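# Coordinate analysis (summary)
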Amino acid sequence: MSDSKKRKKSYYVQGRKSKKQASGYQLDAGMKGFLITCNNAEKKTVQEAYNILSEYAEQMYGCEKVDDLDDASDQDNNDFESAMQKEFETLQKSNVAERRFQVVETKTNNSIFIRTPIERPDELVTEIFRDLSENKKSKSRFILKMFPVLGTCKAAEDKIEKLTEEVVAPFLKGTVGLTFCVIYKARCNNTLGREAVIHLVARVVAEINPLVKVKFDNPDLVISVDVLQKVCCLSVMKNFHKFRKYNIQEVITANRLAGVPRSSEVQEEASGSSSGQLEAAASSEVIESGDREERVEDSGNKCLESDEKLFSDSNIDSATSNNNSACLNSELSATSAETKAIS
């Protein structure tokens, strides 16, 4: 090739992995984690996912351990600036693979992938939905669905076939009468066909265990194939319809519509019953006090009536006394007149 036709540097840069992909911050093959869907609020969804996953992971696996720095800066722990610098260096030195939960870029709207080194992400997700279905307490506003991804590969039929054999085999070996179904969802990808992928996965499952059966109404296992651009995510889920297709919002809503009381509602009912008892006691006290008041009023009325009678009797007595005094005065005047006449 002549010097005038040398390729530009950008030609070789295109074939090189990006910094995010090389450092593990971009969705790629060979990952495990959680596929989360939302409705536009991606940053808030990521924060909610971190909170929920960390809460249940600490209950199941304990607190996350972070490697400490060298002992060189231990003597400066009391200094605020040195503490901030130590935390910054810790974040720089920590590897993505060592973190329990790390969001990676999917380049797909409303689709979030959180990478994890946990060997069985499905167990953690099952525990989350089991607790939500029992306690009926909503812990999310923005997360819609949460799928446990047990493996990722390139979006090619041969890669998907190999990954299916590795992921699905532990769930099918030694089982009799197990039912399953396959669901498929592609985002920003039109190279794979839905029917082709579903038949491919079903054929692999039948080869692993010929005794399994396909069932679309409440199957025992649901194998989900989600394609995000050039990466395929494979999930295996149990109790798919019980957990409302692994939709957090639907689990809480379904329990509320079914009339199952939440823990907060039980507390409200208990407080309501106690307040009702207090109100009944207060009303009884009011009634008793009202009876007492009526009794007092009745006694007061009786006293008033007796006073009126006494007052009327006193008036009569005063009138009779006035009449008697008038009679006496008339008699005295008559006697005085007689004495004058005699004289």
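Residues numbered from 1 in each chain as written. Predicted model: local features only at pLDDT ≥ 70, side-chain atom pairs only at ≥ 80, totals over all residues. Heavy atoms only, no water.

### Let's talk about the sheet that holds strand β3 (residues 111–115)
Pairing is mixed across the open sheet formed by 8 strands, whose spatial order is β2-β3-β1-β4-β8-β7-β5-β6. The two strands at the open ends of the sheet, each matched to only one other strand, are β2 (102–104) and β6 (213–214). Pairing analysis gives 3 bridges linking β2 to β3, with the strands arranged antiparallel. Within the sheet, the bridge partner assigned to glutamine 102 lies in β3 and is arginine 115. Packed on one face of the sheet, helix α5 (residues 121–135) meets β1 (33–37), β4 (145–154) and β8 (231–238) and runs near 170° to β4. Contacting β5 (179–187) and β7 (221–228), helix α7 (residues 194–208) runs over the sheet at an angle of about 145° to β5. (Pairing = 2+ DSSP bridges. Helix = DSSP H or I, 4+ residues; strand = E, 2+ residues; numbered from the N terminus. Contact = heavy atoms within 4.5 Å. Axes fitted to C-alpha atoms, helices over the stretch in contact; angles between N-to-C directions.)

### A closer look at the confidence of the model for the chain
Counting all residues, the mean pLDDT for the chain is 77, and 61% of those residues have values of 70 or more. Every residue in residues 68–76 scores below 50 in pLDDT, and together they form 8 contacts with partners more than four places removed in sequence or on other chains. Contacts for the low-pLDDT stretch residues 306–312, under 50 throughout, to residues beyond four places or in other chains number 0 contacts. (pLDDT = per-residue confidence, 0-100.)

### A word on the pattern of salt bridges
Under the defined criterion, the tally for this structure stands at 12 salt bridges. Here glutamate 123 makes a salt bridge to arginine 120, at a shortest N to O gap of 3.8 Å. Glutamate 123 gets classed as partly exposed once you look at its relative accessible area, which sits at 39%. With a relative accessible area of 34%, arginine 120 lands in the partly exposed category. Members of the salt-bridge network, linked through shared partners, are Glu55, Asp131 and Lys139. (Salt bridge = Lys/Arg side-chain N within 4 Å of Asp/Glu carboxyl O. Buried < 20%, exposed > 50% of the residue type's maximum accessible area, 1.4 Å probe, protein only.)

### Some words on the packing of aromatic side chains
Each aromatic ring pair is specified by the distance between its two centres and by the angle formed by the two planes. If you walk through the whole model with that rule in mind, you get 7 aromatic pairs. Plain terms: the ring middles of phenylalanine 129 and tyrosine 246 are 4.9 Å apart, the flat faces sit at 50° to each other, and that makes the pair tilted. Of this pair, phenylalanine 129 sits in helix α5 while tyrosine 246 is found in the loop between β8 and α8 (248–257), placing the two residues 117 residues apart along the sequence. (Phe/Tyr/Trp six-rings, centres within 6.5 Å; stacked < 30°, edge-to-face > 60°.)

### Observations regarding the pairing of β5
Where β5 and β6 come together, 2 bridges link them in parallel fashion. What sits directly across from phenylalanine 180, in β6, is valine 214. Tracing the backbone out of β5, into α7 and back to the parallel element β6 gives a crossover that is right-handed. Sheet topology places β5 next to β7; 8 bridges connect them, and they run parallel. Among the inter-strand pairings, valine 182 is bridged to a residue of β7, identified as isoleucine 223. (Right-handed = clockwise from strand over helix to strand, strands pointing away.)

### Examining the nonpolar core
Counting 39 residues, the largest nonpolar core has Leu124 and Met146 as the members making the most contacts within it. Of all elements in the fold, only β1, α3 (42–61), β3, α5, β4, β7, β8 and α8 reach the threshold of two or more residues within this core. Element by element, the count of residues in this core is highest for α3, at 6 residues. When neighbours within four sequence positions are excluded, leucine 124 is seen to be in contact with Phe34, Leu53, Tyr56, Ala57, Met60, Tyr61, Phe101 and Ile118. In this structure, Phe171, Tyr184, Leu192 and Ile223 belong to the second largest nonpolar core, which totals 27 residues. (Core = buried A, V, L, I, M, F, W, Y, C linked by side-chain atoms within 4.5 Å.)

### As for the pairing of β7
In terms of burial, β7 is a largely internal element, 8 of the 8 residues being buried. Neither face of β7 is left uncovered, since the one carrying Leu221, Ile223, Val225 and Val227 and the one carrying Val222, Ser224, Asp226 and Leu228 both have all their residues buried. In this sheet, β8 lies alongside β7 in antiparallel orientation, the contact comprising 8 bridges. Bridge pairing links valine 222 to methionine 237 in β8.

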